[in-house]
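# Descriptive analysis of the structure
Now for the letters of each chain:
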Amino acid sequence: MSEAVTRRRKGPLKKNRWSEQPRVNLISDVAGKHSAIPSGDDEGERQGALKRFSAMWSSFRRGKRDKVKDPEPSEPLGTEAADNTSRQHRYVSGQYFFEYLVVVSLKKTKDGSSYEPQITYQFPKRDVMARFQKEEEEKTLKAITLFCFPEGINWAPLTEYHSETFSFVLTEIDGSRRNGYCRRLLPGGKGARPPEAYCIISSLACFGLFSKIFDEVEKRRQISMAMIYPFMQKLREAPFPAPGNTVEIKSFIPESGTEIISLTRPLDSWLEHVNFATLFNCLKDEDVLKVFAAAVLERRIIFIADELGTLSQVIHAVAALLYPFTWQHTFISIVPEILIDVVMAPTPYLLGVQKRLLDLVTDQSDLLVVDLSEEKTETFIVSIGDEDSILPPKLKTEILEALCTRQQTSTVEELNRVVSEAFLHFFVKTVGHYASYVKYSHAGERGVFEKRSFYKAIESKTTRHFVKKFIQTQMFDLFIQEVEQQQPGPQQGIFHKKILEYQEKKKRDKTKKH
């Protein structure tokens, strides 16, 4: 345990730091493998980055229902003034593939004793951004270096390093959200050298698509840094495809000629940042249900693994299981060692922690600590003990039966659909009748949710017992608040489609009985 962490853990816990439950949801999540925290040579700059970092991870919120401001537009590339308005509008409306690309390299500190992450390349350059953005962007870029190298270990030059891709999400205090996609690799050259990270910042959440973009960036990096610029320029100007559609990028590579790169978005856009395969590779189905049960009641959950990419994918998958509800609290895929005392927060969280830091989290109680590593001796290192009894037994069995069908899937998209629908049906059967209990006294007025009548209408005693607990969560509360603000009428989306299908099935089954 580092000296800095020891001092913080011995100090008094600041009440306001953890007790606030802001309605504006802020994200700061990291995922990946092997990195470093900046040294203390420039303490003022590091503290500035850490303050911004700390302000970002207060809570987590994703999905279509987010009411967030559009991010401020970057000043567009090029000198044609006639294009400025349309390009800015295209970025504000979320149609640019990305905001910018940065390269984060490990450079020796001033005293030469260690390495610290520094931004060594940025596209577009900061001088083409609007003036009012520069100060804020400088703070954000400082934080990004921590996300690209979060482990807090002393790096040494390497001769071999396995390339890896990971992601993080930043939501600013004003509610605007940006995603960071990183690929760490060993730069070109001879002899031992530290790895570097390529990081793309975008308002779009589509991990698989950006992984393919990094394949193209890495291919060009092996030729020359200059080859990256024209590719990213064309990508930045290309329209972002609708779900299920493809956009083609033409790019020239010496000795290969002009290549056409096809980038396709998954049809199920709400699952395009998720891959459930890693979750079920790490945990048995019954253990996934225990984690889901703890998450649905908004408890404190810590995931432990050696591989940071594993932590990232699993935590995103667990959050996706909650659809159509969204996690409203602290969400950090990889907790940098410098911020490890976030585990002491009394409020709900989903955290990813490297296994080498396990001793710093196991002294906590009233939480669930889940070991994802292959050589684990036990899956749940710390638990409350009631996780297996939270979900209604009949519905739990139905989820397990539905999950068995995933063995027949052959693609990531098919797997994601089978898994997501298994848990979606759980919410359909437990709270899918909510719309009948939102009452409107006059046209145009806000609806009122009749909570007591809602759960009293549930026939199953075990289901009713679960729902009485679930409706006290922030994720359900926010969901209902948004419904209350809507005008009465048919709802849109896959959740409401499944509710209608279930209600129709119940009617048909009832008719058959009579």
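Scroll up a little and you will see the structure.
This structure is a prediction, so every number in the text was calculated from the model and none was measured.

## Here we look at the environment of I144
With respect to the helices and strands, I144 occurs in helix α5 (residues 131–148). Since its relative accessible area comes to 0%, I144 is described here as buried. It is 9.3 Å that separates the C-alpha atoms of I144 and V102, two residues lying 42 residues apart in sequence. Not counting residues up to four positions away in its chain, the partners in contact with I144 are Y100, V102, F168, L170, C199 and I201.

## What to know about the pairing of strand β2 (residues 100–108)
Most of β2 is tucked away: seven of the nine residues are buried. Of the pairings in the sheet, the one linking β2 to strand β6 (residues 196–202) comprises six bridges and is antiparallel in character. Its bridge partner lying in β6, Y100 is registered against I201. With eight bridges connecting them, β2 and strand β3 (residues 115–123) associate as antiparallel partners. Paired with V103 across the two strands is Y121, which belongs to β3. Connecting β2 to the antiparallel partner β3 that follows it, the hairpin turn spans six residues, and G112 within it adopts a positive phi of roughly 75°.

## Some remarks on unusual backbone geometry
Peptide bonds are trans in most cases, and residues, glycine excluded, mostly fall at negative phi. That bond from F123 to P124 is cis: its omega, -5°, falls within 30 degrees of zero. Looking at where P124 falls in the secondary structure, it is placed in the loop between β3 and α5. Cis rather than trans, the peptide bond between Y323 and P324 has omega equal to 15°. Along the polypeptide, P324 turns up in the loop between α10 (308–321) and β10 (330–332). Phi angles above zero are rare outside glycine, and E298 is one such case at about 55°. Looking at the secondary structure, you find E298 in the loop between α9 (285–296) and β9 (300–305). What makes E298 buried here is its relative accessible area of 10%.

Criteria and cut-off values
Residues numbered from 1 in each chain as written. Predicted model: local features only at pLDDT ≥ 70, side-chain atom pairs only at ≥ 80, totals over all residues. Heavy atoms only, no water. Helix = DSSP H or I, 4+ residues; strand = E, 2+ residues; numbered from the N terminus. Buried < 20%, exposed > 50% of the residue type's maximum accessible area, 1.4 Å probe, protein only. Contact = heavy atoms within 4.5 Å. Pairing = 2+ DSSP bridges.

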